[in-house]
Amino acid sequence: MNVNQTNRREFMKTVGMGAAALAVSKGFLSCGGKGRAPNIVFIMTDDHAAHALSCYGSRINRTPNLDRIADEGMRFDNCFCTNAICAPSRAVILTGKYSHLNGVIDNRKRFDSSQQAFPKLLQSAGYQTAMIGKWHLKTDPTGFDYWNILPGQGQYYNPDLIEMGERKRHTGYVTDIITDIALDWLKQRNTAKPFCLMYQHKAPHRNWMPGPEHLTLYDDVDIPEPDNLFDDYATRSRAAFEQEMTIDRHLYPVWDLKLAGVAEDEPNLMKAWQAAFDRMTDEQKKAWNAAYDPKNKKFRDAKLEGKDLVRWKYQRYIKDYLRCVASVDDNVGRLLDYLDVAGLAENTIVVYTSDQGFFLGDHGWFDKRFMYEESLRMPLLLRYPARIKPASANDALISNIDFAPTFLSLCGQQIPADMQGESLQPLLAGNIPGDWRDSIYFHYYEYPAWHMVKKHYGIRTKRYKLMHFYDDIDAWELYDLKTDPGEMKNVYADPEYADIVQMLMTDLKQLQQKYGDTEAMQSMP
Ligand code: SGN
Ligand code: CA
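Conventions used here
Residues numbered from 1 in each chain as written. Chains lettered and ligands numbered in written order. Predicted model: local features only at pLDDT ≥ 70, side-chain atom pairs only at ≥ 80, totals over all residues. Heavy atoms only, no water. Helix = DSSP H or I, 4+ residues; strand = E, 2+ residues; numbered from the N terminus. Rg over C-alpha atoms; globule rule 2.2 N^0.38 Å. Buried < 20%, exposed > 50% of the residue type's maximum accessible area, 1.4 Å probe, protein only. Contact = heavy atoms within 4.5 Å. Areas by Shrake-Rupley, 256 points an atom, 1.4 Å probe, with all protein chains shown as cover. Lys, Arg positive; Asp, Glu negative; His and termini not counted. Charge placed at Lys NZ, Arg CZ, Asp CG, Glu CD. Pairing = 2+ DSSP bridges. pLDDT = per-residue confidence, 0-100. Donors = N, O, S within 2.8 Å, 3.2 Å for Na, K, Ca; no water. Tetrahedral: all angles 85-135°; square planar, octahedral: opposite > 155°, others 65-115°. Domains from an automatic or database assignment. Buried area = accessible area lost by both parts, 1.4 Å probe. Expected span 1.5 Å × (residues − 1). Near = heavy atom within 4 Å. Polar contact = N/O pair within 3.5 Å; in protein donor to acceptor, adjacent residues only side chain to side chain. Salt bridge = Lys/Arg side-chain N within 4 Å of Asp/Glu carboxyl O.

Enquirer: Whenever I open this one, the overall build of the protein confuses me. Can you help?
Expert: In terms of helices and strands, the protein carries 14 helices and 16 strands. Against the globule reference of 24 Å for 525 residues, the protein gives a C-alpha radius of gyration of 23 Å, in line with a compact fold. The principal-axis extent of the C-alpha atoms belonging to the protein is close to 65 × 60 × 45 Å. Relative to its full complement of 525 residues, the protein shows a buried share of 61%. Excluding contacts between residues fewer than 6 apart, the proportion of contacts in the protein whose partners are at least 24 apart in sequence is 68%. Within the structure as shown, the protein displays about 20400 Å² of accessible surface, and the carbon and sulfur contribution to it stands at 51%. In the protein, 63 positive and 70 negative side-chain charges are present, and the distance between their average locations comes to 4 Å.

So, in structure tokens, the structure goes:
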């Protein structure tokens, strides 16, 4: 950021602050009596891995606007999901409870929207609440004064959205549209009340269709490959061999790799691609073809094979993924600018996260689901000038069950006793309380299903990770993250680690007991 930009933002903050103070009604209970109740802007993307944000040290892209949230707030370096898949993560975030208690153990389940969730609690405390963008919980949102959501996964181009029950088609690119709607809502809201806005993107979810402004971004560069793009899974259990999410064999040529005209997918997928493409206006199609046709012709002429072909697929995949991320970054920038201009930045908690991580070629994979680091880890940035020092970081072990209690406590509300997470409030000063947890618990259920990742649960401490794959397999993996951060060597059977295994096994049982995961306990030795 240059000096002029900083000054511009500082200036806007100062000018706007008076307006925001006026906006809060006398009648509203303030945060613990200590001042104005804060607003929340909860920004969530779909499948945005932490290692594709520059503030987390990305080697492959820059995210200047997302980095602003980190520069002006706190970056959490050890935030993990409890179940590395979309709908389950969203349900955990809303309820502050593990999947086996909130009911959404996999993407196939419907969210029981009559249950307790933090937006509903804020709404009954007088907050104005809105949910805009990807929802993915099958039942209609409850606890929101306004909602406008993508049906299911949504479409990248000219998507339909369901506004309070009414379905409408919008013209444009999904990330821009979701932002436009969020900004419109902010502008028309009742300024007498504090608000909680859930602003949730579809991007960068598969099939990674970039927006019109980013179609040729990265055309002239090679994105660095992960060291383990050609992982052979030696020492790993069958689960690692039997998944279906390799860059090499499981990306569809047309749907994923955008090779229309050069290759073919099976008929159903061709139909899906055609349907997505046919949503585009003539102008959008023209821009798309102008960007992809020359690249595809080059690919066809090169007649690649073996590792060269895998490398090409990785480049095509990761560039499209990062192009989708670039649009998120631009649009979050628009939203942050608005908060500045409207004088809301000071008293608004801005959260940036994703529903879980993603494999960016790591272990030769795309998608998520596994408890391995790249998909387990969630980015979490929190900006709240009243409580958080700029550019701070915290490496306490936290997870998405902590989000709901955190938001409630920061907004001066009671944390219901049946929520299983902890408020992150004591961490915001930059330290870790002595009695903070020293491990997190994970459980993934969706199998057999897309990508064929076997059922598993596990425990992760700062140094170790113990995982148990069960159901049609009974296999354990142990990683020493200090000596092996890439999880390339399963040391479960190594006698040197026998004591560690014993200790982690006991702790794992305790976590299952503590969180009430009785089903998992039954498959423990
Ligand atoms: C779709 C994707 C899968 C993805 C799931 C779940 N296939 O089915 O690759 O794992 O969603 O994603 S696609 O070809 O239809 O894009 S999630 O984010 O909703 O959990
Ligand atoms: Ca997701």
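Enquirer: Mind showing me how you'd approach the pairing of strand β16 (residues 475-480) here?
Expert: Each regular strand shows side chains that alternate between the opposite faces of the sheet. With 6 of 6 residues buried, β16 is to be regarded as a mostly interior element. Residues Ala 475, Glu 477 and Tyr 479 line one face of β16 and the alternating positions Trp 476, Leu 478 and Asp 480 line the opposite face, and both faces are buried. Where strand β15 (residues 464-469) and β16 come together, 6 bridges link them in antiparallel fashion. Bridged to Lys 465 within β16 is Tyr 479. In sequence, β15 turns back onto β16 through a hairpin of 5 residues, with Asp 471 there showing a positive phi of about 95 degrees.

Enquirer: Where do I start with the confidence of the model for the protein in this structure?
Expert: When pLDDT is averaged along the protein, the result is 94, and 93% of the positions lie at 70 or above. Low pLDDT (under 50) marks residues 1-33, which in the prediction has 44 contacts with non-local residues, meaning those over four places away or in another chain.

Enquirer: Teacher, can you tell me more about the coordination of the calcium ion (ligand 2) here?
Expert: With distances of 2.1 to 3.0 Å, the protein atoms coordinating the calcium ion (ligand 2) are Asp 46 (OD), Asp 47 (OD), Asp 355 (OD), Asp 355 (OD) and Gln 356 (OE1). Coordination at the calcium ion (ligand 2) is irregular, judged from the 6 donor atoms that bind it and the angles of 48 to 174 degrees they form at the metal.

Enquirer: Looking at this structure, how should I read the domain arrangement of the protein?
Expert: Where interface size is quoted, it is often the accessible area lost as the parts come together. Assigned domains within the protein: domain 1 (38-208 + 321-428), domain 2 (242-318) and domain 3 (442-523). A straight line from the C-alpha centre of domain 2 to that of domain 3 covers 36 Å. If you look at the interface, domain 2 gives 5 residues, while domain 3 gives 5 residues. Interface area, domain 2 with domain 3, both sides summed: about 430 Å², of which 59% is carbon and sulfur.

Enquirer: Honestly, helix α10 (residues 306-341) in this entry has me stumped. Any pointers?
Expert: Spacing of three or four residues puts side chains on the same side of an α-helix, whose turn is 3.6 residues. An ideal rise of 1.5 Å per residue puts 52 Å on 36 residues; α10 measures up with 53 Å between its terminal C-alpha atoms. In terms of burial, α10 is largely enclosed, as 27 of its 36 residues are buried. Count one or two residues on from α10 and you reach Gly 343, which has phi positive near 75 degrees.

Enquirer: What should I look at first to understand the site of ligand 1 in this one?
Expert: Around ligand 1, the structure places 16 residues, and the nearest of them are Gln 153, Trp 255, Asp 367, Arg 369 and His 451. A distance of 2.8 Å separates an oxygen atom of ligand 1 from a polar atom in the side chain of Gln 153. In this structure, an oxygen atom belonging to ligand 1 sits 2.7 Å away from a side-chain N or O atom of Arg 369. The fraction of the free accessible surface of ligand 1 (460 Å²) that becomes covered by protein chains is 90%.

Enquirer: So what exactly am I meant to see when it comes to the pattern of salt bridges here?
Expert: Close approach of charged atoms allows side chains of opposite charge to pair. Under the defined criterion, the tally for this structure stands at 38 salt bridges. For Arg 323, the salt bridge goes to Asp 219, with nearest N and O atoms at 2.9 Å. Here Arg 323, found in helix α10, pairs with Asp 219, found in the loop between β8 (195-200) and α7 (238-242); they are 104 residues apart in sequence, far enough to count as distant. For the salt bridge of Asp 402 with Arg 437, the shortest nitrogen-to-oxygen distance reads 2.8 Å. One end of the pair, Asp 402, is in the loop between β12 (398-399) and α12 (403-410); the other, Arg 437, is in the loop between α12 and β13 (440-444), with 35 residues separating them in the sequence. Each member of the pair Asp 402 and Arg 437 is classed as buried.

Enquirer: Help me out: how do you make sense of helix α3 (residues 86-95) in this one?
Expert: Among the 10 residues that make up α3, 10 are buried, leaving the element largely enclosed by the rest of the structure. Within α3, the full set of buried residues consists of Cys 86, Ala 87, Pro 88, Ser 89, Arg 90, Ala 91, Val 92, Ile 93, Leu 94 and Thr 95. Where α3 terminates, the next one or two residues include Gly 96, which has phi positive at roughly 70 degrees.

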